[in-house]
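# Descriptive structure summary
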Amino acid sequence: MAQWTSAVGPAQLARLLNSQQDRPAGPGTRRPPAYRALADGIRLLVLEGRVPVAARLPAERELALSLSVSRTTVAAAYEALRTEGFLESRRGAGSWTAVPAGNPLPARGLEPLPPEALGSMIDLGCAALPAPEPWLTRAVQGALEELPPYAHTHGDYPAGLPALRSMIAERYTARGIPTMPEQIMVTTGAMGAIDAICHLFGGRGERIAVESPSYANILQLMREAGARLVPVAMADGLAGWDMDRWRQVLRDAAPRIAYVVADFHNPTGALAGDDQRRQLVDAARSAGTVLVADETMTELWLEDVEMPRPVCGFDPAGSTVITVGSASKAFWAGMRIGWVRAAPDVIRSLVAARAYADLGTPVLEQLAVNWLFSTGGWEQAVQVRREQALENREALVTAMRRELPTWEFDVPRGGLTLWVRAGGLSGSRLAEAGERVGVRVPSGPRFGVDGAFEGYVRLPFTVGGAVADEAAARLAAAARIVESGGTGGGEAPRTFVA
């Protein structure tokens with residue numbers, strides 16, 4: 001019986017491998033043999049989760065044709081991977097990817113490090129800050145005071161607590177977007193909201209247009225739902241969306257859904273302007289595309305900036321735009337409360353489908369967010385978050401410019417991330433080398449489709465002060481390992497206490 005659970009075709013694997021840019025070899029640097037480079041490339045794809053574990057690889061002859069190399073080269077690469085534990089084979093069943101015994105399974109998203117690993121590893125993988133105290137504690141205490149009446153009920157509120165739905169609707173109305181509670185559903189974080197939307201509108205095999213780059217965890221969620229992702233390149237720098245490309249994709253591909261982050265885009269930090277938002281809503285309406293606008297970063301402006309009108313402001317009835325919000329980025333990732341704003345009939349459909357998913361969102365956390373919204377605690381907590389993120393941004397930017405002056409990035413005016421071009425180095429190889437020297441950084445291809453952005457890494461504003469200095473120094477050490485062809489000796493990570 002075959003041990004593989006999925007398959008990767010020769011053309012797809014060739015695209016992923018060809019995206020792994022290598023810096024030109026310097027004087028005295030020896031390039032590895034072709035089979036070794038191929039084996040290393042496949043191993044990196046497995047370690048990053050871009051090729052799943054237990055995925056059947058193409059036959060040697062098929063891959064050789066796609067890569068324009070000899071079959072002997074592919075056979076030698078496969079044999080090296082088998083020896084190292086990254087490939088298993090069986091006559092008649094082919095070869096499939098694996099991980100050596102004792103190694104953790106590679107993550108396909110950007111999951112946080114376990115707390116016990118934080119002593120020796122600086123985690124730049126997760127764009128989330130510690131809770132803003134004392135507001136978390138006060139919110140939970142306030143929620144406990146409001147809990148007794150709800151404890152006498154069944155506790156399942158598929159659309160969310162009525163009080164919180166009303167409060168969220170009032171907040172949209174205050175932003176100039178008249179909203180009824182019937183247009184709101186509370187979810188378990190923004191991920192829960194987008195998962196529900198994709199299942200309602202997407203369906204297996206449906207096209208979903210996404211910004212390129214886009215948020216890695218959402219891309220993976222959509223892939224695993226069976227969507228066909230259609231990437232739409234962002235405009236240069238922090239200029240937002242390329243509207244000519246968006247109009248072309250919406251017209252030619254007719255995607256069922258388009259997913260965008262208009263406010264301090266993850267990972268680039270771009271802020272789309274009013275005219276771009278109006279044009280995109282009009283183009284989506286004409287194409288019959290449901291436009292999902294993710295507002296998780298909306299309140300994280302770090303400088304004085306005149307915020308554009310919300311995307312849903314150009315579609316107030318919610319017939320084209322579905323808005324997703326969350327407490328996770330602006331307040332705390334551990335507060336798994338998100339919400340959807342849409343037309344009432346869409347909300348009813350999402351609520352009905354929820355009976356077969358998670359039934360509802362935890363009551364205590366909803367009460368805590370409602371306490372924050374109703375007491376003014378939210379605004380004070382978010383201000384603390386802005387100040388912390390700004391301080392971290394300045395420290396990280398200064399450290400990066402000192403340690404890695406050839407790396408390029410634009411400094412966004414809000415959000416939580418820097419999108420960095422890594423001086424011609426492979427982001428995948430930097431991520432691997434970073435693990436060896438004690439800094440965890442996600443590579444660019446996690447934020448793209450089919451291996452795009454190999455020359456990039458994403459750096460969040462989650463560390464500051466001396467930790468930011470140390471993180472940049474470790475990234476510089478990882479860069480030296482990659483530049484030397486991986487022969488940097490694997491510098492041991494130093495234990496670092498902030």
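Reference entry: report on the structure contained in this document. Residue positions are given per chain, counting from 1 as you read along its sequence in written order. With pLDDT at 70 or above as the cut-off, local features in this predicted model cover only qualifying residues; side-chain atom pairs require 80 or more to be listed or tallied, and sums for whole chains, interfaces and linings still use all residues. Values reported for side chains reflect all heavy atoms of the structure, with hydrogen atoms and water molecules removed beforehand.

## Things to note about the overall build of the chain
Numbering of helices and strands runs from the N terminus; a helix is a DSSP stretch of H or I covering at least four residues, while a strand is a stretch of E covering at least two. Scanning the chain for helices and strands turns up 16 helices and 15 strands. We call a residue buried when its accessible area falls under 20% of the maximum for its residue type, exposed when it is over 50%, and partly exposed in between, using a 1.4 Å probe and counting protein chains only. Burial statistics for the chain: of 498 residues in total, 53% are counted as buried. Per element, the accessible surface of the chain, about 21100 Å² overall, is 53% carbon and sulfur. Working definition of accessibility: Shrake-Rupley area with a 1.4 Å probe, residue cover restricted to the visible protein chains.

## Things to note about the pattern of salt bridges
Salt bridges are defined by distance alone: a side-chain nitrogen of Lys or Arg within 4 Å of a carboxyl oxygen of Asp or Glu. Overall, the coordinates contain 24 salt bridges when judged by the stated rule. Linking D275 and R278 is a salt bridge whose minimum nitrogen-to-oxygen distance equals 3.5 Å. Here R278 and D275 lie together in helix α11 (residues 274-287), a separation of three residues that amounts to about one turn. Residue D275 is classed as partly exposed on the basis of its relative accessible area, which comes to 45%. In the salt-bridge network here, residues are joined through shared partners; they are R36, D40, R43, E84 and E432.

## Digging into the pairing of strand β3 (residues 87-90)
Relative to strand β4 (residues 94-97), β3 is paired through four bridges, and the arrangement is antiparallel. Among the inter-strand pairings, R90 is bridged to a residue of β4, identified as G94. Only strands joined by at least two bridges in the DSSP assignment are considered to pair. The loop that links β3 with its antiparallel partner β4 comprises three residues; one of these, G92, has a positive phi angle of about 90 degrees.

## Let's talk about the packing of helix α7 (residues 162-174) against helix α13 (residues 363-375)
Here α7 crosses α13 at 40 degrees, and the two axes come no closer than 9 Å. One finds that α7 runs oblique with respect to α13. Considering the relative orientation of α7 and α13, their crossing is left-handed. The segment α7 lies against α13, with A163, L164, M167, I168 and R171 engaging Q366, V369, N370, F373 and S374. Only the stretch in contact is used when a helix axis is fitted, and all axes are lines through C-alpha atoms; the angle between N-to-C directions ranges over 0 to 180 degrees. Angle categories are assigned with fixed cut-offs, so that under 35 degrees is roughly parallel, over 145 is roughly antiparallel, 65 to 115 is roughly perpendicular, and the rest are oblique. Each crossing gets its hand from how the near helix is turned against the far one by less than a right angle, where anticlockwise is left-handed and clockwise is right-handed. Contact criterion: two residues are considered in contact whenever any of their non-hydrogen atoms come within 4.5 Å of each other.

## Notes on unusual backbone geometry
Of the consecutive residues E133 and P134, the connecting peptide bond is found in the cis state with omega at 10 degrees. In this structure, P134 sits in the loop between β5 (122-123) and α5 (135-146). For the peptide bond that leads from N266 to P267, omega is 25 degrees, which places it in the cis range. With respect to the helices and strands, the residue P267 is situated in the loop between β9 (257-260) and α11.

## A short note on the sheet that holds β9
Ordered by their spatial adjacency, seven strands build an open sheet running β6-β12-β11-β10-β9-β7-β8, and the pairing between neighbours is mixed. The open sheet has two edge strands, β6 (184-187) and β8 (228-233), and neither has a second partner. The sheet shows a mean angle of 20 degrees between the axes of neighbouring strands, taken without regard to direction. The pairing of β6 with strand β12 (residues 338-341) spans four bridges and is antiparallel. The residue bridging M185 from the neighbouring strand is V340, located in β12. Along the sheet, helix α8 (residues 189-202) makes contact with β6, β7 (207-212), β9, β10 (290-294), β11 (321-326) and β12, crossing β11 at roughly 155 degrees. Against the sheet, helix α12 (residues 344-353) makes contact with β6, β11 and β12, and its axis sits at roughly 30 degrees relative to β6, the strand it touches most.

## What to know about the packing of aromatic side chains
Any two aromatic rings considered together are summarised by their centre-to-centre distance and by the angle between their planes. Stacked, edge-to-face and tilted labels apply to pairs of Phe, Tyr and Trp rings (six-membered ring for Trp) whose centres lie within 6.5 Å, assigned for plane angles under 30 degrees, over 60, and everything in between, in that order. A full pass over the atoms with the stated rule returns eight aromatic pairs. Centre to centre, the rings of F331 and W378 are 6.0 Å apart; their planes meet at 20 degrees, and the pair counts as stacked. Of this pair, F331 sits in the loop between β11 and β12 while W378 sits in helix α14 (residues 377-403), and the two are 47 residues apart along the sequence. Between W419 and F447, the ring centres sit 5.6 Å apart and the planes meet at 75 degrees, which makes this aromatic pair edge-to-face. Residue W419 is found in strand β13 (residues 417-421), and its partner F447 is found in the loop between β14 (439-440) and β15 (456-460); the two are separated by 28 residues along the sequence.

## Brief notes about empty space enclosed by the protein
Computed over the protein atoms alone on a 1 Å grid, cavities are sets of points where a 1.4 Å probe fits but cannot get out and pockets are open sets with protein on both sides within 12 Å along at least five of seven lines; a residue lines them when it has an atom within 4 Å of a point. Grid points are joined across faces, edges and corners, and a volume is the space filled by probe spheres set on the points. Under the defined criterion, the tally for this structure stands at one cavity of 30 Å³ or more. Around the largest cavity, the lining residues are A262, D263, R277, A293, D294, E295 and V311. Three classes are used: nonpolar for Ala, Val, Leu, Ile, Met, Phe, Trp, Tyr, Cys and Pro, charged for Asp, Glu, Lys and Arg, and polar for all others, with Gly counted as polar. Of the residues in the lining of the largest cavity, the class split is three nonpolar, no polar and four charged.

## Here's the deal with the packing of helix α3 (residues 60-67) against helix α4 (residues 71-84)
When two helices pack together, their arrangement is given by the angle between the helix axes and the distance between those axes. The contact between α3 and α4 brings their axes to 8 Å, and the two run at 120 degrees. Relative to α4, the element α3 lies oblique. Judged by the twist between their axes, the crossing of α3 over α4 is right-handed. Packed against α3, whose contacting residues are E60, R61, L63 and A64, the element α4 presents R71, V74, A75 and Y78 at the interface.

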